[in-house]
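What the coordinates show
Residue strings, one per chain:
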Amino acid sequence: MKTDSLDDWRKTTSTSDVTSESDGKEVTLFGWIKEIRDLGAVKFLILQDREGTIQLTIVKNRAEEKVLRKTDLIQTQYCVAVKGTVKKTSMTKRGFEVIPREIKILGVAQHPLPLDVTGKTSALLDTRLNARVLDLCHEENRALWSVQSKALEALRQFLTDRGFIEVYTPRIISTATEGGAALFSIDYFDQEAYLAQSPQLYKEQLTLCFEKVFEIGPFFRAEASHTRRHLSEFISIDIEQAFVKSSDVMKLLEEIMHFTCTTVKENCRKELEILKHEVEVPKLPLKRLTYSEVLEELKTEGNSVPWGEDIPTPAYRTLGKLHPYFYFVTDWPTESKPFYIAPKDDQPEVSEGFDLMWRWMELASGGTRVHAKSVLMHRLKEQGLNPESFRHHLQVFDYGVPPHAGWATGLERMVMMLTGKRNIREVVLFPRDRSRLTP
RNA sequence: GCCCUGGUAGUAUAGUUCGGUCUAGUAUAAGCGGCUGUCGCCCGCUCGACCCGGGUUCAAAUCCCGGCCAGGGCGCCA
């Protein structure tokens with residue numbers, strides 16, 4: 001079908017701008033037809049844009065011929081433009097409707113569609129992800145990304161207000177890895193290169209010149225994880241600050257969580273209602289448990305973990321039941337933390353690293369960093385890494401690296417916390433995992 | 001990578017226990033017709049499916065083996 005030209009038509013009004021006060025007003029609306037109810041002599045079209053929906057009413061013996069011809073062609077999910085008059089009425093739920101004077105068909109949809117756009121029949125996540133943009137039209141998803149956008153705005157505002165500057169470190173890196181997660185290798189002309197798993201080393205280096213930095217951006221982990229909280233590509237929110245230690249950045253972290261929760265709770269009432277989720281603003285200070293205290297608690301619950309070992313997922317689930325909100329876990333064994341986490345001066349087997357937990361899920365992790373080159377070299381070797389492959393990083397430690405600390409949190413996990421979603425794929429536009437590379 | 005469960009029209013499901021009236025049921029979407037006010041409109045008709053490959057059997061959606069995919073859990077990891 002040949003579609004109509006946009007010409008000089010421009011949107012004057014969003015569906016949400018139409019109120020009973022606009023009675024009699026001429027409007028130009030753009031959107032998509034989500035439902036058609038043809039009662040014979042009268043036809044109702046439900047037009048949706050990103051703000052919501054409005055009913056178009058066509059009374060057949062009163063409508064103009066050209067309007068009738070267009071409406072006969074329209075199918076669900078067609079993209080249309082409407083010039084018409086707002087009419088106050090008691091016969092719609094919102095109290096008004098729009099009587100079209102002229103309609104343009106701007107985009108057509110091919111039926112059958114992979115999803116039910118009316119939302120009457122729900123689809124499984126896998127089906128939804130395969131037709132993601134169509135799925136994103138649903139009110140609940142639009143609410144979800146409003147929450148994410150508001151959360152990002154809050155995070156940026158909080159950090160810039162406190163003098164942090166936003167930076168971008170490379171996504172394409174050379175061999176130096178921090179250990180831990182596997183890297184994706186890429187073709188980089190005639191050199192070996194990888195996708196960055198975190199901005200860790202760069203953000204630490206930048207404390208030498210900028211003192212307080214943050215970065216929000218995608219990072220990549222080549223782990224064959226199959227869980228509902230891991231992705232191959234995720235958005236990390238990273239901060240690093242000079243002249244402070246872990247207790248300072250923990251305070252910053254709990255304040256930013258408090259601020260973000262408060263902002264979302266106050267500014268996204270409608271969205272949270274749509275999502276049927278309540279955001280509980282954390283009471284500060286958050287609980288601080290040491291790793292050893294956590295092991296004691298687990299032992300009491302019949303879930304013993306030997307000191308020095310990582311805490312397995314089932315044990316975290318137990319902890320989540322004991323502490324069903326935010327809590328810090330501090331004083332981790334040095335051997336279980338990455339090489340850049342500083343050991344305590346008076347007790348080197350214990351580190352100044354911490355995790356911020358939300359129920360059973362790790363939400364953030366950070367700590368005081370090592371800033372003495374000799375200690376860093378020693379820690380690298382202890383972790384079985386080759387100092388030679390960190391040559392460029394280590395060199396910076398000859399330029400006067402300040403004492404510093406920082407943390408990183410995953411945006412997707414924060415949004416899960418803010419929206420009540422249980423699978424991380426729900427809160428990513430186009431998720432990438434072990435087996436999903438499309439769309 | 002491992003374990004458990006599953007894969008049936010565009011979508012979501014029933015049927016699989018114990019192979020046979022399953023010519024595969026239902027809802028929704030889609031198509032056609034009807035209807036003056038619907039709002040999950042309604043009514044009638046129509047279209048449309050057993051993941052792929054192999055095996056057992058007179059007979060497989062149903063049982064067995066392999067593969068792929070999905071959901072959950074574990075591990076890895078954050």
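For every chain, the first residue of the written sequence is number 1, and numbering continues from 1 along that sequence. Starting at A for chains and at 1 for ligands, labels are handed out in the order in which the entities are written. Owing to the predicted nature of the model, reporting of local features is limited to residues with pLDDT of at least 70; listing and counting of side-chain atom pairs is limited to 80 or more, with chain, interface and lining totals taken over all residues. The basis for the side-chain values is all heavy atoms of the structure; hydrogens and waters are excluded.

1. What to know about a nonpolar patch on the surface
Put simply, a patch holds well-exposed residues, over 30% relative accessible area, that have no salt bridge, with like charges counted together within 9 Å and Val, Leu, Ile, Met, Phe, Trp or Tyr side chains within 5 Å. Using a 1.4 Å probe, accessible areas were evaluated by the Shrake-Rupley method; residue-level cover was limited to the displayed protein chains. Here, a salt bridge means any Lys or Arg side-chain nitrogen found within 4 Å of an Asp or Glu carboxyl oxygen. A cluster of nonpolar side chains, namely M1, L73 and V108, defines an oily patch on the protein surface of about 270 Å² accessible area. Mapped onto the elements of the fold, V108 is located in the loop between β5 (96-107) and α2 (125-130). For every residue, the accessible area obtained with a 1.4 Å probe (protein chains only) is divided by the maximum for its type, and the residue is called buried under 20%, exposed over 50%, and partly exposed between those limits. Owing to a relative accessible area of 39%, V108 belongs among the partly exposed residues under this scheme. Put simply, DSSP H or I for four residues or longer makes a helix, DSSP E for two residues or longer makes a strand, and each gets a number counted from the N terminus.

2. Here we look at the protein's contact with RNA strand B
Close to RNA strand B lie 49 residues, the nearest being R37, Q75, M91, H230 and E362. Working definition: residue near molecule or strand if any one of its non-hydrogen atoms lies within 4 Å of it. Sugar and phosphate atoms constitute 60% of the interface atoms of RNA strand B, taking the interface as everything within 4 Å of the protein. For RNA strand B, a sugar or linking oxygen lies 2.7 Å from a polar atom in the backbone of L113. The definition of a polar contact used here is a pair of N or O atoms within 3.5 Å, where within protein one atom must be able to donate a hydrogen and the other to accept one, and adjacent residues in sequence count solely through side-chain atom pairs. Contact distances for RNA strand B include 2.4 Å between a phosphate oxygen and a side-chain N or O atom of R228. Of all the elements in the fold, those that place two or more residues in the surface near RNA strand B are β1 (26-38), β3 (52-59), α2 and α9 (313-322).

3. Regarding the sheet that holds strand β7 (residues 172-173)
When DSSP finds two or more bridges between two strands, those strands count as paired. The sheet built from three strands is open, its strands ordered β7-β9-β8 with antiparallel pairing. Each end of this open sheet is capped by a strand with a single partner; those strands are β7 and β8 (185-188). Two elements, β8 and strand β9 (residues 191-195), share four bridges in a ladder whose sense is antiparallel. Looking at β9, one finds that S185 is bridged to Y194.

4. Some details on the packing of helix α4 (residues 139-161) against helix α6 (residues 246-267)
Where helices are involved, their axes are fitted lines through C-alpha atoms of the stretch in contact, as for all axes, and angles between N-to-C directions lie from 0 to 180°. Closest axis-to-axis distance for the α4/α6 pair is 9 Å, and the angle between their directions is 135°. Comparing their axes, α6 and α4 come out oblique. Crossing of α4 against α6: the hand is right-handed. Two secondary-structure elements touch here, α4 through V147, K150, A151, A154, L155, Q157, F158 and L159 and α6 through L252, E255, I256, F259, T260, T263, V264 and N267. Working rule for angles: under 35 degrees goes down as roughly parallel, over 145 as roughly antiparallel, 65 to 115 as roughly perpendicular, anything else as oblique. For any helix crossing, the convention is left-handed if the near helix is rotated counterclockwise from the far helix by under a right angle, and right-handed if that rotation is clockwise. Residue contacts are defined here by distance: any two heavy atoms, one from each residue, within 4.5 Å place the two residues in contact.

5. Remarks on the packing of aromatic side chains
Classification of ring pairs rests on two measures: the distance between centres of Phe, Tyr or Trp rings, Trp counted by its six-membered ring, which must be within 6.5 Å, and the angle between planes, read as stacked under 30 degrees, edge-to-face over 60 and tilted in between. Under the criterion given, the structure shown has eight aromatic pairs. Their ring planes at 65° and their centres at 5.1 Å tell us that Y188 and F189 sit as a pair that is edge-to-face. Classification of F189 by relative accessible area gives exposed; the value is 75%. An angle of 85° between the planes, with centres 5.7 Å apart, marks the rings of F328 and F354 as edge-to-face. With F328 in strand β13 (residues 326-330) and F354 in strand β14 (residues 353-358), the pair connects residues that are 26 residues apart, well separated along the chain. Residue classification places F354 among the buried residues on the basis of a relative accessible area of 1%. Each residue in the set Y291, W307 and W332 is aromatic and connected to the rest through ring pairs, giving one cluster. The ring of W9 has K83 lying over it, and the distance from NZ or CZ to the ring centre is 4.7 Å. Both a distance and an angle decide whether a charge sits over a ring: NZ of Lys or CZ of Arg must be within 6 Å of the ring centre and within 35 degrees of the ring normal. For R317, the ring lying beneath its charged end belongs to W360, and the centroid distance is 3.9 Å.

6. Observations concerning helix α5 (residues 200-210)
Those residues of α5 that sit buried are Q200, L201, K203, E204, Q205, L206 and T207. Where α5 is buried, its residues meet β10 (212-220), β11 (233-242), α11 (391-396) and β16 (404-410). Downstream of α5 by a residue or two, E211 has a phi angle that is positive, lying close to 65°.

7. What to know about the pattern of salt bridges
Taken as a whole and judged by the stated rule, the model has 29 salt bridges. A salt bridge links R101 to E26; the nearest nitrogen and oxygen atoms lie 2.6 Å apart. With R101 in strand β5 and E26 in strand β1, this pair connects stretches of sequence that are 75 residues apart. Among the residues examined, E26 registers a relative accessible area of 42% and is labelled partly exposed. Note that R156 and E166 form a salt bridge whose closest N and O atoms lie 2.8 Å from each other. Of the two residues, R156 sits in helix α4 while E166 sits in strand β6 (residues 165-166), which places them ten residues apart along the sequence. R156 sits in the partly exposed class, given a relative accessible area of 30%. Via salt bridges that share partners, R128, R132, D135 and E426 belong to a single interconnected network.

8. Re the sheet that holds strand β12 (residues 287-290)
Reading across the sheet, the eight strands line up as β6-β10-β11-β16-β15-β14-β13-β12 and stay open at both edges, with mixed pairing between neighbours. The open sheet has two free edges, formed respectively by β6 and β12, since each of these has just one partner strand. Of the strands in this sheet, β11, β12, β13, β14, β15 (361-368) and β16 are in contact with α6, which crosses β16 at around 35°.

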